[in-house]
Amino acid sequence: MGMMVAARRIEAATNEVRYEFGFEDRFDRILVIDPGTLAARVEDGHFNSAASAITAKIVNSWRSSGEFPARMLFAG
């Protein structure tokens, strides 16, 4: 069985875009993306495979549409 990571945007300021994310519908972590550099960090400091997977999906969506998506899902 693979993992399913869901994220939903909670803020989009000039200097950062914030998402709640977690496995299934447990939005228990915060991902922060710098829109200028697309560098990402997780508030708890633990940038694991789930954070990496959802970040890649969000950044790819931004690159193709020019906007940060309101929601994103990674199933792998």
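Residues numbered from 1 in each chain as written. Predicted model: local features only at pLDDT ≥ 70, side-chain atom pairs only at ≥ 80, totals over all residues. Heavy atoms only, no water.

S.K.: So what's going on with unusual backbone geometry? Which residues, and what values?
M.R.: Positive phi, close to 65 degrees, is recorded for Leu38, a residue that is not glycine. Considering the arrangement of structural elements, one finds Leu38 in the loop between β3 (29–33) and β4 (40–42). (Helix = DSSP H or I, 4+ residues; strand = E, 2+ residues; numbered from the N terminus.)

S.K.: A description of the pattern of salt bridges should follow, citing residues and the corresponding values.
M.R.: Enumeration according to the criterion identifies seven salt bridges in this entry. A salt bridge links Arg29 to Asp44, with the shortest nitrogen-to-oxygen separation between them at 2.9 Å. Of the two residues, Arg29 sits in strand β3 while Asp44 sits in the loop between β4 and α1 (49–65), which places them 15 residues apart along the sequence. Judged by its relative accessible area of 12%, Arg29 is buried. Each of Glu11, Glu16, Arg18, Arg41 and Glu43 takes part in one network of salt bridges that share partners. (Salt bridge = Lys/Arg side-chain N within 4 Å of Asp/Glu carboxyl O. Buried < 20%, exposed > 50% of the residue type's maximum accessible area, 1.4 Å probe, protein only.)

S.K.: Which residues make up the side chain of Arg29, and what values do they have?
M.R.: For Arg29, the side chain forms a polar contact with the side chain of Asn48, separated by 3.2 Å. Leave out the neighbours within four places in its chain, and Arg29 touches Tyr19, Glu20, Phe21, Val42, Asp44, His46 and Asn48. (Polar contact = N/O pair within 3.5 Å; in protein donor to acceptor, adjacent residues only side chain to side chain. Contact = heavy atoms within 4.5 Å.)

S.K.: Residue-level account of the environment of Asp25, with values.
M.R.: Examined against the element boundaries, Asp25 turns out to sit in the loop between β2 (17–23) and β3. Put simply, Asp25 and Val5 are 20 residues apart on the chain and 8.1 Å apart in space, counted from C-alpha to C-alpha.

S.K.: Talk me through the packing of aromatic side chains; I want residue IDs and the actual numbers.
M.R.: One pass over the full model with this rule turns up one aromatic pair. We note Arg8 situated over the ring of Phe27; from NZ or CZ to the ring centre the distance is 3.8 Å. (Phe/Tyr/Trp six-rings, centres within 6.5 Å; stacked < 30°, edge-to-face > 60°. Lys NZ or Arg CZ within 6 Å of the ring centre and 35° of its normal.)

S.K.: Can you tell me about the pairing of strand β1 (residues 4–12), naming the residues and giving the values?
M.R.: As a general feature of sheets, a regular strand has side chains that alternate between the two faces. Across five bridges, β1 lies against strand β5 (residues 71–75) in antiparallel orientation. Note that in β5 the partner of Met4 across the bridge is Ala75. Pairing between β1 and β2: seven bridges, direction antiparallel. Within β2, the position partnered with Arg8 by the bridge is Glu20. (Pairing = 2+ DSSP bridges.)

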